[in-house]
Amino acid sequence: MLFASILLQLVVLLSGVQAAGRYCTGSGNDQFCVFGAPDASGSNVVLTVHSAATGWVALGLGTSMSGSTMWVGWTNSTNGVTFSTRESTGYRTPAVSPSTSTTLVPLAVPAPAWARIAFSFSRDLSTAGFNQHDVHGSIGRIDFVTAPGCSALERHNHSSSNGQHQHRRQRLACSTPDPVLPAGTTYNSIVITHAIIMIVAWILCPFAGIFVARFLKKRLGVWWFRLHVFFMLGGATFLGTAGIVYLYLYKSGSHFESAHQKIGLVVACLAYAQVILGIVIDHYFESGKSFLKPLEKLHEWHGRILGLLAIVTVILGLVLYNDKGYETSPTGLYALFGTALGVGIGSIVLGIVFLPKLPHDAHDKGEEETASAGKK
């Protein structure tokens with residue numbers, strides 16, 4: 001399930017007096033509150049959840065999607081609450097937990113009129129996620145995440161499967177619909193498709209474009225330029241943009257939060273600047289303008305830096321995919337990335353070692369003028 005972290009401060013036992021921590025968000029049908037305080041024995045913490053969700057509500061303890069415990073509650077046909085403890089292993093359906101450290105208890109905080117779902121449960125403080133400092137210190141901090149569900153579950157089945165909510169940050173509302181995925185696809189498959197597109201666009205295509213421009217001008221004549229444009233404009237720029245837009249269309253919640261997303265956005269924008277720079281150089285190539293040489297150097301080094309940033313972005317994306325714990329192992333994506341990077345670097349190394357030895361592959365001004373004239 002997709003969650004976004006919300007931090008709750010539980011204020012506990014100031015001068016020997018118990019105090020309950022409280023966190024609330026939303027309004028109207030989006031309201032949600034969670035309360036927490038130690039019980040009388042001090043060995044358990046009692047958490048109370050109030051939610052305006054129409055189907056189910058979940059509370060997960062932890063700082064990541066993997067290795068976290070979550071609790072799901074929903075109103076059953078007798079107007080009671082069906083309660084289930086789950087173990088989250090990432091962005092996949094959490095399994096029912098065999099743990100007995102959490103039990104449903106009578107409602108500790110009276111439910112307001114807006115709450116469609118309300119329940120309290122007791123959690124053993126000796127289990128993972130809590131420590132005695134949180135109970136006996138002046139202020140304890142417990143990381144948790146929340147999510148509402150709009151669809152009803154099987155009323156009395158504690159192992160009922162709840163759908164993926166995909167709400168992030170403050171998007172905890174049933175009134176905000178998730179993007180509709182194409183028939184027969186999952187969000188996991190969309191992420192994998194995005195990864196494959198970006199590996200092709202930002203790893204294979206740049207190396208191919210550089211190889212053609214660096215080593216094959218004399219061999220290919222006018223076609224070196226056409227292939228260079230194909231790989232750099234059609235592949236690295238347009239295909240890369242398509243890969244980003246494809247994921248953006250089906251990702252709910254906040255965008256461009258992680259380093260992978262932010263750097264990727266920068267690379268995508270600078271790719272267009274690189275294309276514009278290339279068009280300007282090509283347009284004035286035969287004019288002999290004095291500004292051409294600096295522009296050519298800028299185009300060359302800007303492209304190199306952009307290529308390195310693209311590689312870093314793809315690596316960060318693979319790390320992010322692995323950390324999220326999606327249903328499909330990232331091994332295949334690692335293999336694809338490694339192969340693409342190896343082929344790219346290997347081709348450049350082979351070009352440097354062997355192709356310059358061929359006289360017709362020398363890069364002089366006359367050759368570039370011939371190539372430029374041929375493509376006009």
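Values in this document were obtained by computation on a predicted structure and should not be read as measured data. (Residues numbered from 1 in each chain as written. Predicted model: local features only at pLDDT ≥ 70, side-chain atom pairs only at ≥ 80, totals over all residues. Heavy atoms only, no water.)

A. Summary view of the packing of aromatic side chains. One pass over the structure, following the stated rule, counts 10 aromatic pairs. Between F238 and Y272, the ring centres sit 6.3 Å apart and the planes meet at 45°, which makes this aromatic pair tilted. Taken together, the residues span a long stretch of sequence, with F238 in helix α4 (residues 222-250) and Y272 in helix α5 (residues 259-283) at a distance of 34 residues. Given a relative accessible area of 45%, F238 falls into the partly exposed group. Taking relative accessible area as the criterion, Y272 reaches 34% and is therefore assigned partly exposed. Judged by centre distance (5.5 Å) and plane angle (80°), the ring pair of Y284 and F291 falls under edge-to-face. The exposure class of F291 is partly exposed, given its relative accessible area of 34%. Grouped by ring-pair contacts, the aromatic residues W71, F83, F119 and F121 constitute a single cluster. (Phe/Tyr/Trp six-rings, centres within 6.5 Å; stacked < 30°, edge-to-face > 60°. Helix = DSSP H or I, 4+ residues; strand = E, 2+ residues; numbered from the N terminus. Buried < 20%, exposed > 50% of the residue type's maximum accessible area, 1.4 Å probe, protein only.)

B. Here's a closer look at the packing of helix α2 (residues 187-215) against helix α7 (residues 331-354). Where α2 contacts α7, the axes come no closer than 10 Å and their chain directions differ by 5°. Judged by the inter-axis angle, α2 sits roughly parallel to α7. Within the contact between the two elements, α2 uses I192, A195, I196, I199, I203, L204, F207, I210, F211 and F215 and α7 uses L333, L336, F337, A340, L341, G344, I345, S347, I348, G351 and I352. Of the residues contributing to the contact of α2 with α7, the split by class is 18 nonpolar, three polar and no charged. (Axes fitted to C-alpha atoms, helices over the stretch in contact; angles between N-to-C directions. Parallel < 35°, antiparallel > 145°, perpendicular 65-115°, else oblique. Contact = heavy atoms within 4.5 Å. Nonpolar A, V, L, I, M, F, W, Y, C, P; charged D, E, K, R; others polar.)

C. Geometry of the sheet that holds strand β10 (residues 117-124). One open sheet accounts for five strands, arranged β2-β3-β4-β10-β9; its pairing is antiparallel. Where the open sheet ends on each side, the last strands, each with one partner, are β2 (21-25) and β9 (102-105). Neighbour-to-neighbour, the strand axes of this sheet turn through a mean angle of 20°, independent of strand direction. With seven bridges connecting them, strand β3 (residues 32-38) and strand β4 (residues 44-51) associate as antiparallel partners. Each bridged residue has a counterpart across the sheet, and for V34 the counterpart in β4 is V49. (Pairing = 2+ DSSP bridges.)

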